[in-house]
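So the chains spell out like this:
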Amino acid sequence: MQFSVYQQTHIGGRKVNQDRMGYSFTRDALLLVLADGMGGHLAGEIAATITLQTLSMMFRMQARPYVKKPERFLEDALNQAHWDILAYAEKHKMPETPRTTVVACLVQHNCAVWAHCGDSRLYWMRRNQVLARTRDHSHLEYLIERGRATEAERNTHPDRNKLYNCVGAGQAPKIDISSQVSLEPGDTLLLCSDGLWSMLPETEIVHRLATSTIVQAVPDLVAMAAAIGGARADNTTALAITWQGADAAGATTPDMISTQMLPEDAVSSTITAGQPLPSGADAFDEDEIEKAIAEIREAIEKSSQLLK
């Protein structure tokens, strides 16, 4: 299995970067995750971090070396992240449960399948064409699909920020899962937060990724979106891969690599899941999050033992 991967984030005009992104892979499987903590609720960055950690840990447990039921894995993992967030909020007596949108993609055997909740997006591109993208769980998307609003109103419509689905809310999330699609060498998968796609026309996103490597295109797209947003720019995050094939000649991969959100000045670094985030990468209590993650790991392992 061989692929190129690049990720970058920008805090924008916000005091805290609530976006989180990462990837994990074995010899035969790759998991990509991007979560956008919801700023309208308390501590969205905590919800996003827990979501990333939960999906990463469940992938480690089930990818041996690939996931046997990918659609079931994505559904179970996102639901588990939801319950882990609720458990964290209850334990710490938070006045409100933190919430996050999320998009996750599993690639194995030259196929990809993805799931999402909210308005974090995935684009599947081949050359100059978008073959598929996720549909936002937003009131505006609902209106556009029914002809009651237009694409041109995405940045100005008064309901553009109203979501009806996320991870960590009072009700269980509605998880949209794609069908499996066949990848070809050169295909690009882009996961991004609304801070990116809401600022840039889809034609610009496609053009950049079709005419440049992801190492060039991803930082260009993030910088453009942040510049357009200016002082009021949202957190802007993108994670992309270019697929080169399951049996590419000379392909070598370590057994497992995981990443979390990277600081803006170290986008090419790798951070092993479970290690503290880099200095300045977050604004919450890392000790508290690490304790919560340890508790989540223990609970997942106990659940796994009961299922055996």
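Everything numeric in this text was worked out from a predicted model, so none of it was measured. (Residues numbered from 1 in each chain as written. Predicted model: local features only at pLDDT ≥ 70, side-chain atom pairs only at ≥ 80, totals over all residues. Heavy atoms only, no water.)

Engineer: Hey, could you run me through the sheet that holds strand S1 (residues 2-10) in this one?
Structural biologist: Hydrogen bonds between backbone groups are what pair the strands of a sheet, and the pairing can be parallel or antiparallel. A sheet is described by the order of its strands in space; here 5 strands give the open sequence S1-S11-S10-S6-S7, paired in antiparallel fashion. Sheet topology places S1 and strand S7 (129-133) at the edges, where each strand pairs with a single neighbour. Along the sheet, successive strands turn relative to each other by an average axial angle of 20 degrees, direction set aside. Pairing between strand S6 (residues 121-126) and S7: 4 bridges, direction antiparallel. Bridge assignment links Tyr123 to a residue of S7, and that residue is Arg133. Packing of helix H6 (residues 214-229) onto the sheet brings it into contact with S1, strand S10 (188-192) and strand S11 (236-245), and relative to S1 it is tilted by some 20 degrees. (Pairing = 2+ DSSP bridges. Helix = DSSP H or I, 4+ residues; strand = E, 2+ residues; numbered from the N terminus. Axes fitted to C-alpha atoms, helices over the stretch in contact; angles between N-to-C directions. Contact = heavy atoms within 4.5 Å.)

Engineer: Sorry if this is basic, but what is going on with the pattern of salt bridges here?
Structural biologist: Any two side chains of opposite charge can pair if their charged atoms end up close together. Scanning all chains against the criterion turns up 10 salt bridges. In this structure, the salt-bridge partner of Asp187 is Arg126, at a minimum N-O distance of 2.8 Å. One end of the pair, Asp187, is in the loop between strand S9 (181-182) and S10; the other, Arg126, is in strand S6, and 61 residues separate them in sequence. Per residue, the accessibility class of Asp187 equals that of Arg126, and both read buried. Here Glu202 and Arg133 are joined by a salt bridge, their closest N and O atoms 3.6 Å apart. One end of the pair, Glu202, is in helix H5 (residues 202-211); the other, Arg133, is in strand S7, and 69 residues separate them in sequence. Note on Arg133: relative accessible area 13%, which makes it buried. Among the ionic contacts, a cluster of salt bridges with common partners joins Arg126, Glu184 and Asp187. (Salt bridge = Lys/Arg side-chain N within 4 Å of Asp/Glu carboxyl O. Buried < 20%, exposed > 50% of the residue type's maximum accessible area, 1.4 Å probe, protein only.)

Engineer: Got a minute to help me understand the side chain of Thr9 in this structure?
Structural biologist: Considering the arrangement of structural elements, one finds Thr9 in strand S1. Side-chain polar atoms of Thr9 contact the side chain of Thr237, separated by 2.7 Å. (Polar contact = N/O pair within 3.5 Å; in protein donor to acceptor, adjacent residues only side chain to side chain.)

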